[in-house]
There are 2 protein chains.
Amino acid sequence: MDHRTQQRVEEMRSSLSSLGVAITRRRAKMLEILASTDRHPSANELHAEVRRWYPSTSLATVYNTIDLLKEAGQILELEFSASANRYDGRRPASHPHLVCISCQSIEDMDDPHDPGARALDRLSHATGYRLVRQRTDYYGICPACQLQEYDTTTPPAPDASLTPQPASSGKASFP
Amino acid sequence: MDHRTQQRVEEMRSSLSSLGVAITRRRAKMLEILASTDRHPSANELHAEVRRWYPSTSLATVYNTIDLLKEAGQILELEFSASANRYDGRRPASHPHLVCISCQSIEDMDDPHDPGARALDRLSHATGYRLVRQRTDYYGICPACQLQEYDTTTPPAPDASLTPQPASSGKASFP
DNA sequence: GCGGTTTTTAGAATCGTTCTAATTTGTTAG
DNA sequence: CTAACAAATTAGAACGATTCTAAAAACCGC
């Protein structure tokens, strides 16, 4: 785990702690997963991943932890109605994304026109709303998918898992 | 129906026509409703409204018409995962909205920093994506809800319906 | 009016998410 | 170590929005 990830996990941990909840092993693992991927996993993907370490983990626990993180302002939820919501645990503050409408990948974007928190304030004044967050996403076909459009030979890339192997299949299975 | 609305209905009509589908009475009514409200109705609200004229209308028809309009690029779908999607039939091109997280109202916004189609092109080049649309929304508490926060006496405003009365309850009920 | 196509309908099915009640785990005091 | 209590977790039911399906109804050109 690199430094940035480590640090991010620490942030999430202490945020959850000051919320008054315990950092259980499952929760700790989820923080780790969320902090170390830029793939914006869905609840299901997160579930599959935690299960590699704690196979008895239920989906309810995953949603429960996500809710806590939302409450703590430590996760950004990207809502989709046509598919599962996606989560960004690395950059919990509003920021724009590039969404591929073909392969469903989501990339962080460094906003060209980013208003940022400053601009939210300005807009709040201008509109009379008390604005708390914003969402900006760009939808299109990502470069990889564009290539494959004309290439009938390349099979779609297999989905890599989000984190390295659990130590062994027997060991941590029943925490 | 004012001029702008009339005109918008015409646009939608001809778009649907060139898609090769019939403009049935139900569909015509839906266009009218969509063109004449700025309240960004959900499929359900739309359904309730069409039912005032054609009480036998099923929800499937509403979704079906919405799909046609999407195909024709004549409606903007605002996706929400926690509640029903909302639709903007007046301005089908991407544009920003103010979303009240308390009363769920949605207002069109005139974008302060609007990139617009021009900027989508620019971004497409910059990112390598073939971008087709964008979404920008601001979430917060609207002025009306802010007032009511401290006012325990004001009852929430009753939801007005989207369009004027159907002529009579008996007449057009069974098209 | 007739045959063929399109539209509409009611209700079933689906999918992501939330809820519920029961069980397990963890903690603290004795 | 153990009883008693609180917090976390589980499996599965429930839910709500949307999509699908098969059958009925409406429409069209002749």
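Because the structure is a prediction, the values reported are computed rather than measured. (Residues numbered from 1 in each chain as written. Chains lettered and ligands numbered in written order. Predicted model: local features only at pLDDT ≥ 70, side-chain atom pairs only at ≥ 80, totals over all residues. Heavy atoms only, no water.)

Remarks on the overall build of chain A
Reasoning step 1: Tallying secondary structure elements over chain A gives 6 helices and 5 strands in all.
Reasoning step 2: From first element to last, N terminus to C terminus, chain A shows the α and β order α-α-α-α-β-β-β-β-α-β-α.
Reasoning step 3: Each of the 175 residues in chain A was classed as buried or not, and the buried ones make up 41%.
Reasoning step 4: Residue pairs at least 24 apart in sequence account for 56% of intrachain contacts in chain A once pairs closer than 6 positions are excluded.
Reasoning step 5: Here chain A has roughly 9400 Å² of accessible surface; of this, 51% comes from carbon and sulfur atoms. (Helix = DSSP H or I, 4+ residues; strand = E, 2+ residues; numbered from the N terminus. Buried < 20%, exposed > 50% of the residue type's maximum accessible area, 1.4 Å probe, protein only. Contact = heavy atoms within 4.5 Å. Areas by Shrake-Rupley, 256 points an atom, 1.4 Å probe, with all protein chains shown as cover.)

Digging into the protein's contact with DNA strand C
Reasoning step 1: Surveying the vicinity of DNA strand C reveals 17 residues, the closest of which are Tyr63(A), Thr24(B), Arg26(B), Ser58(B) and Thr61(B).
Reasoning step 2: Note that a phosphate oxygen of DNA strand C is positioned 3.1 Å from one of the backbone N or O atoms of Thr57(B).
Reasoning step 3: Between a phosphate oxygen of DNA strand C and a main-chain N or O atom of Ser58(B), the distance comes to 2.8 Å.
Reasoning step 4: Breaking the surface near DNA strand C down by element, the ones donating at least two residues are helix H4 (59–71) of chain A together with helix H2 (25–36) and helix H4 (59–71) of chain B.
Reasoning step 5: Of the residues in the surface near DNA strand C, the class split is 7 nonpolar, 7 polar and 3 charged. (Near = heavy atom within 4 Å. Polar contact = N/O pair within 3.5 Å; in protein donor to acceptor, adjacent residues only side chain to side chain. Nonpolar A, V, L, I, M, F, W, Y, C, P; charged D, E, K, R; others polar.)

Looking at the relation of the copies chain B and chain A
Reasoning step 1: Of the transformation superimposing chain B on chain A, the axial component is 0.0 Å and the angular component is 180°, with the fit at an RMSD of 0.0 Å. The transformation just described matches what one would write down for a two-fold rotation axis.
Reasoning step 2: The share of interface residues of chain B whose copies in chain A are also at the interface is 100%, consistent with both copies meeting through the same surface. (Least-squares fit on C-alpha atoms with pLDDT ≥ 70 in both.)

Brief notes about the interface of chain B and chain A
Reasoning step 1: Chain B puts 37 residues into the contact, and the matching count from chain A is 37 residues.
Reasoning step 2: In total, about 3200 Å² of surface goes out of reach between chain B and chain A, with carbon and sulfur atoms giving 56% of it.
Reasoning step 3: The largest contributions to the chain B side of the interface with chain A come from Tyr129(B), Arg130(B) and Tyr139(B), which together make up 23% of the buried area.
Reasoning step 4: Connecting chain B to chain A are 0 salt bridges.
Reasoning step 5: Of all the elements in the fold, those that place two or more residues in the side of chain B that touches chain A are strand E3 (97–100), helix H5 (116–127), strand E5 (130–141) and helix H6 (143–149) of chain B.
Reasoning step 6: It is E5(B) that provides the largest number of residues to the side of chain B that touches chain A, a total of 12 residues.
Reasoning step 7: A breakdown of the residues in the side of chain B that touches chain A according to their chemical character gives 19 nonpolar, 10 polar and 8 charged.
Reasoning step 8: Strand direction decides the pairing type here: strand E5 (residues 130–141) of chain A and E5(B), joined by 11 bridges, are antiparallel. (Buried area = accessible area lost by both parts, 1.4 Å probe. Salt bridge = Lys/Arg side-chain N within 4 Å of Asp/Glu carboxyl O. Pairing = 2+ DSSP bridges.)

Considerations on the packing of aromatic side chains
Reasoning step 1: A complete count under the given rule lists 0 aromatic pairs over all chains for this structure.
Reasoning step 2: Its end group placed over the ring of Trp53(A), Lys29(A) keeps NZ or CZ at 4.0 Å from the ring centre.
Reasoning step 3: In this arrangement the basic side chain of Arg135(B) is found over the ring face of Phe80(B), its NZ or CZ atom lying 5.2 Å from the centre. (Phe/Tyr/Trp six-rings, centres within 6.5 Å; stacked < 30°, edge-to-face > 60°. Lys NZ or Arg CZ within 6 Å of the ring centre and 35° of its normal.)

Observations concerning the packing of H2(B) against helix H3 (residues 43–53) of chain B
All names here are of chain B.
Reasoning step 1: Relative orientation of the contacting elements H2 and H3 amounts to 125°, with a least axis distance of 10 Å. Taken together, the axes of H2 and H3 lie oblique to each other. Helix-helix and strand crossings are classified by hand; for H2 and H3 the assignment is right-handed. Here Arg-26, Lys-29, Met-30, Ile-33 and Leu-34 of H2 lie close against H3, whose contacting residues are Leu-46, Glu-49, Val-50 and Trp-53.
Reasoning step 2: Counted by class, the contact of H2 with H3 contains 6 nonpolar, no polar and 3 charged residues. (Axes fitted to C-alpha atoms, helices over the stretch in contact; angles between N-to-C directions. Parallel < 35°, antiparallel > 145°, perpendicular 65-115°, else oblique. Left-handed = near helix turned anticlockwise from the far one by under 90°.)

Here we look at the environment of Val132(A)
Reasoning step 1: With respect to the helices and strands, the residue Val132(A) is situated in strand E5.
Reasoning step 2: Look at Val132(A) and you get partly exposed, because its relative accessible area is 46%.
Reasoning step 3: Sequence separation of Val132(A) and Ala117(A) is 15 residues, and the distance between their C-alpha atoms is 9.0 Å.
Reasoning step 4: In contact with Val132(A), not counting residues within four places along its chain, are Leu120(A), Ile101(B), Tyr139(B) and Gly140(B).

Comments concerning unusual backbone geometry
All names here are of chain B.
Reasoning step 1: A positive phi angle, near 55°, is found at His-40, a position not held by glycine.
Reasoning step 2: Position of His-40 among the secondary structure elements: in the loop between H2 and H3.
Reasoning step 3: Despite not being glycine, Gln-104 has its phi angle at roughly 70°, a positive value.
Reasoning step 4: With respect to the secondary-structure elements, Gln-104 resides in the loop between E3 and strand E4 (106–108).

As for the protein's contact with DNA strand D
Reasoning step 1: Around DNA strand D, a shell composed of 16 residues is seen, among which Thr24(A), Arg26(A), Ser56(A), Thr61(A) and Tyr63(B) lie nearest.
Reasoning step 2: Here a phosphate oxygen of DNA strand D sits 3.0 Å away from a polar atom, N or O, in the main chain of Thr57(A).
Reasoning step 3: Secondary structure elements with two or more residues in the surface near DNA strand D: helix H2 (25–36) and H4 of chain A together with H4 of chain B.
Reasoning step 4: Per-element tally for the surface near DNA strand D: the top contributor is H4(B), with 3 residues.

Description of the environment of Lys29(A)
Residue and element names in this part refer to chain A.
Reasoning step 1: Tracing the chain through its elements places Lys-29 in helix H2.
Reasoning step 2: By relative accessible area, which is 10% here, Lys-29 ends up buried.
Reasoning step 3: Placed 20 residues apart in sequence, Lys-29 and Glu-49 show a C-alpha to C-alpha distance of 9.1 Å.
Reasoning step 4: Not counting residues up to four positions away in its chain, the partners in contact with Lys-29 are Val-50, Trp-53 and Tyr-54.
Reasoning step 5: Of note is the side chain of Lys-29, whose polar atom sits 3.0 Å from the side chain of Glu-32.

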